[in-house]
Amino acid sequence: MGMHRRARGMGRCLGGLGLLVALEAQAEPLRLSQVDLEEKVNGVLALMSFSVVPDLASSSLSFNDAQSDNPNLTLVQFGGGATMSDDFPLYLEGSAAYSRYDPRFVLSDGQDSRRVPLKWTTVSATGGIGWDFPLNDEWVVRPIANFSLGYISSDVNLARVFINQRFDRDIEFLDDGHMSVGGLGGSLMLDWERVRPDYEVDLELRYSNIELHNIGGDKAIEGSASAEATNLWARWRAPTGFVALQRPVRYVLEHSYSEYLGDQRGALGFDRLFTVGAGLELDSSAYDVFITRTRLVLRYMWGDNVYGSSLGLAMSF
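Residues numbered from 1 in each chain as written. Predicted model: local features only at pLDDT ≥ 70, side-chain atom pairs only at ≥ 80, totals over all residues. Heavy atoms only, no water.

(A) Structural view of the overall build of the chain. When helices and strands are counted, the chain shows three helices and 16 strands. Burial statistics for the chain: of 317 residues in total, 42% are counted as buried. For the chain, contacts bridging at least 24 residues in sequence account for 62% of all contacts bridging at least 6. Total accessible area on the chain stands at roughly 16,900 Å², and carbon and sulfur atoms take up 58% of it. (Helix = DSSP H or I, 4+ residues; strand = E, 2+ residues; numbered from the N terminus. Buried < 20%, exposed > 50% of the residue type's maximum accessible area, 1.4 Å probe, protein only. Contact = heavy atoms within 4.5 Å. Areas by Shrake-Rupley, 256 points an atom, 1.4 Å probe, with all protein chains shown as cover.)

(B) Examining the environment of Asp137 more closely. Along the chain, the position of Asp137 falls in the loop between strand E8 (133-134) and strand E9 (139-155). Residue classification places Asp137 among the exposed residues on the basis of a relative accessible area of 82%. Residues Asp137 and Glu193, spaced 56 residues apart in sequence, show a C-alpha to C-alpha distance of 8.7 Å.

(C) Quick look at the pattern of salt bridges. Within the structure shown, the criterion is met by 20 salt bridges. Across the pair Arg237 and Glu200 runs a salt bridge, and its minimum N-O distance is 3.0 Å. Taken together, the positions of Arg237 in strand E12 (residues 224-244) and Glu200 in strand E11 (residues 199-216) put the pair 37 residues apart, joining distant regions of the chain. Both residues of the pair, Arg237 and Glu200, belong to the buried class. Arg272 is paired through a salt bridge with Asp304; the nearest N and O atoms lie 3.7 Å apart. Taken as a pair, Arg272 in strand E14 (residues 272-283) and Asp304 in the loop between strand E15 (293-303) and strand E16 (306-316) lie far apart in primary sequence, 32 residues in all. Relative accessible area serves as the criterion here: at 24%, Arg272 is assigned to the partly exposed category. What makes Asp304 partly exposed here is its relative accessible area of 32%. Look at the salt bridges and you will find they share partners, linking Glu200, Asp202, Arg237, Arg250, Glu281, Asp283, Arg293 and Arg295 into a network. (Salt bridge = Lys/Arg side-chain N within 4 Å of Asp/Glu carboxyl O.)

(D) Main features of the side chain of Glu228. Mapping Glu228 onto the fold places it in strand E12. For Glu228, which is buried and forms no salt bridge, the nearest opposite charge comes from Arg265, at a distance of 9.2 Å. (Lys, Arg positive; Asp, Glu negative; His and termini not counted.)

(E) Layout of the packing of aromatic side chains. This structure, assessed with the given rule, holds nine aromatic pairs. In this structure an aromatic cluster arises from ring pairing among Tyr257, Phe274, Tyr300 and Trp302. One residue, Arg142, lies across the ring of Tyr91, its end atom 4.4 Å from the ring centre. (Phe/Tyr/Trp six-rings, centres within 6.5 Å; stacked < 30°, edge-to-face > 60°. Lys NZ or Arg CZ within 6 Å of the ring centre and 35° of its normal.)

(F) Summary view of the pairing of E12. Pairing geometry for E11 and E12, over 14 bridges, is antiparallel. Each bridged residue has a counterpart across the sheet, and for Asn209 the counterpart in E12 is Glu228. Pairing between E12 and strand E13 (residues 247-260): 13 bridges, direction antiparallel. Considered in E13, the bridge of Ala234 is made with His255. Linking E12 back to E13 in an antiparallel pair, the connection comprises two residues, with Leu245 at a positive phi of about 55°. (Pairing = 2+ DSSP bridges.)

(G) Region of interest: the confidence of the model for the chain. Chain-level pLDDT for the chain is 75 on average; 67% of the residues reach the 70-or-more range. Per-residue pLDDT, averaged within each element of the chain, yields its smallest value for helix H1 (residues 2-23) (31) and its largest for E8 (96). In this model residues 1-35 is a low-confidence stretch, pLDDT under 50, and it forms 49 contacts with partners more than four residues away in sequence or in other chains. Ignoring residues within four places in sequence, the model shows residues 157-170, a span with pLDDT below 50, making 31 contacts including any to other chains. (pLDDT = per-residue confidence, 0-100.)

(H) Structural context of unusual backbone geometry. Positive phi outside glycine occurs at Leu245, with the angle close to 55°. Mapped onto the secondary structure, Leu245 falls in the loop between E12 and E13. A relative accessible area of 38% places Leu245 in the partly exposed class. Positive phi outside glycine occurs at Gln246, with the angle close to 65°. Following the sequence through the fold, Gln246 ends up in the loop between E12 and E13.

Okay, here's the thing in structure tokens:
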């Protein structure tokens, strides 16, 4: 498989060289063919919206191009949240995410056209500040104010052979264009936690809405997107009967359901995602260490026309 990928890479490089020779004799600038760049930027912001909303289902996504078998979208998200204490129920959460996307643009001078591999790289961070309003000993209502910051950069790669060619503004943005993204919004969560000696159960129902906007950048194109989703997440933990680190080893069962409502809806070909997972949890609270619990969970995900699996590592403090 490695040799096959290298062969394709050589083919792309040779194609780029041929494009350089052909362009030397052309007088007209290459322009985007049948594409609205602002619409594409909004599409990339819609993909970023999967990163800014805490969501177990979309915390690790990778899609492959059916023709080249190379990944054209990869998204990874890390995050967590906690309430400070029962006496001071301030809730804080945070997450960071990275994604890489290749939409492949078509450039044309009116006669000839060329496909250009383009890479969009996005990084983002989201924070949240909330307050717990207890309904009883187990149920809590939690409103959360959310804010996000992100950065999007474009890299045409092979299109750098156009350096001596006249460009229009769209091409200029694609070649090392970048922009900063800001987002404000909020979430409402209903949280149920029951702790018993022989089991523990957590259940969270959450609605989130964060509006993302371009807030500046070199050669930036205006763009906006709405990150809106509803998530249902459940976890069951119970002792296995084994002991490690002077504490019971627990088995873990998880399930989540995510319904995408804003610009995320249909952006990747699906409107909702489901996950189921199973794993083990080690309790290290008997020792004077910062990490109290460590979980390793194998998950299976599915939705409209998509499915996959992942291995997740989580820690409690």
